[in-house]
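What follows is the residue order along each chain.
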Amino acid sequence: RYEIAFSKNPFLTPKNERMVISNFPIGSTIKIMNLRGRVLQTLQNDSFSEYEWDGKDRNGNYLSSGVYIVTSSHPDKQKGIGKLAIIREE
């Protein structure tokens, strides 16, 4: 396993408009989950090795303040994991 990198941790939403999630193999699927394992957002593109993310879930809502687990998976590579703190400022 390897550690996923975040450009901002903690990530202040909506003040910090975007953050970069990186340090995973090109073509990986990134899942952002709460501590219960519920997937709140999935990011996937076969040609990207980093993603910009705005702190929102699949429905376009900002995630609440808290700690989230971020995982990466790729069919041919090892998996990655990281912990991300979000502070919602509204």
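For the structure itself, consult the block above.
On a predicted model such as this, the values are computed, not experimentally measured, just so you know.

## Examining the overall build of the protein chain
Step number 1: Helix and strand content of the protein chain: zero helices and nine strands.
Step number 2: Order of helices (α) and strands (β) in the protein chain, N terminus to C terminus: β-β-β-β-β-β-β-β-β.
Step number 3: Over its C-alpha atoms the protein chain spans a radius of gyration of 12 Å, differing by no more than 12% from the 12 Å that the globule rule assigns to 90 residues.
Step number 4: Principal axes of the C-alpha set define a box for the protein chain whose edges measure 40 × 25 × 25 Å.
Step number 5: When the 90 residues of the protein chain are sorted by exposure, 41% land in the buried category.

## Regarding the pattern of salt bridges
Step number 1: Scanning all chains against the criterion turns up one salt bridge.
Step number 2: For Arg 18, the salt bridge identified is with Glu 52, shortest N-O distance 3.7 Å. Residue Arg 18 is found in the loop between strand 3 (11–13) and strand 4 (19–22), and its partner Glu 52 is found in strand 7 (residues 51–53); the two are separated by 34 residues along the sequence.
Step number 3: Looking at Arg 18, the relative accessible area reads 41%, which means it is partly exposed.

## What to know about the pairing of strand 8 (residues 66–73)
Step number 1: Across five bridges, the pairing between strand 5 (residues 29–33) and strand 8 is antiparallel. Bridge assignment links Thr 29 to a residue of strand 8, and that residue is Ser 73.
Step number 2: Where strand 8 lies against strand 9 (residues 80–88), seven bridges are found, and the strand directions are antiparallel. Across the sheet, the residue bridging to Ile 69 is Lys 83, located in strand 9.
Step number 3: What sits between strand 8 and strand 9 in their antiparallel hairpin is a turn of six residues.

## Looking at the nonpolar core
Side chains of a nonpolar character, in soluble globular proteins, are inclined to be buried together.
Step number 1: Counting 18 residues, the largest nonpolar core has Ile 21, Ile 32, Trp 53, Val 70 and Leu 84 as the members making the most contacts within it.
Step number 2: Contributions of two or more residues to this core are made by strand 4, strand 5, strand 6 (39–44), strand 7, strand 8 and strand 9.
Step number 3: Aside from chain neighbours lying at most four places away, what touches Trp 53 is Phe 11, Glu 17, Arg 18, Met 19, Ile 21, Ile 32, Gln 41, Leu 43, Leu 63, Leu 84 and Ile 86.

## Topic: unusual backbone geometry
Step number 1: Cis rather than trans, the peptide bond between Asn 9 and Pro 10 has omega equal to 15 degrees.
Step number 2: With an omega of -5 degrees, the peptide bond running from Thr 13 to Pro 14 counts as cis.
Step number 3: Checked against the element boundaries, Pro 14 lands in the loop between strand 3 and strand 4.
Step number 4: Even without being glycine, Asn 23 reaches a positive phi, approximately 70 degrees.
Step number 5: Secondary-structure assignment places Asn 23 in the loop between strand 4 and strand 5.

Here is what the cut-offs are and how they apply
- Residues numbered from 1 in each chain as written.
- Predicted model: local features only at pLDDT ≥ 70, side-chain atom pairs only at ≥ 80, totals over all residues.
- Heavy atoms only, no water.
- Helix = DSSP H or I, 4+ residues; strand = E, 2+ residues; numbered from the N terminus.
- Rg over C-alpha atoms; globule rule 2.2 N^0.38 Å.
- Buried < 20%, exposed > 50% of the residue type's maximum accessible area, 1.4 Å probe, protein only.
- Salt bridge = Lys/Arg side-chain N within 4 Å of Asp/Glu carboxyl O.
- Pairing = 2+ DSSP bridges.
- Core = buried A, V, L, I, M, F, W, Y, C linked by side-chain atoms within 4.5 Å.
- Contact = heavy atoms within 4.5 Å.

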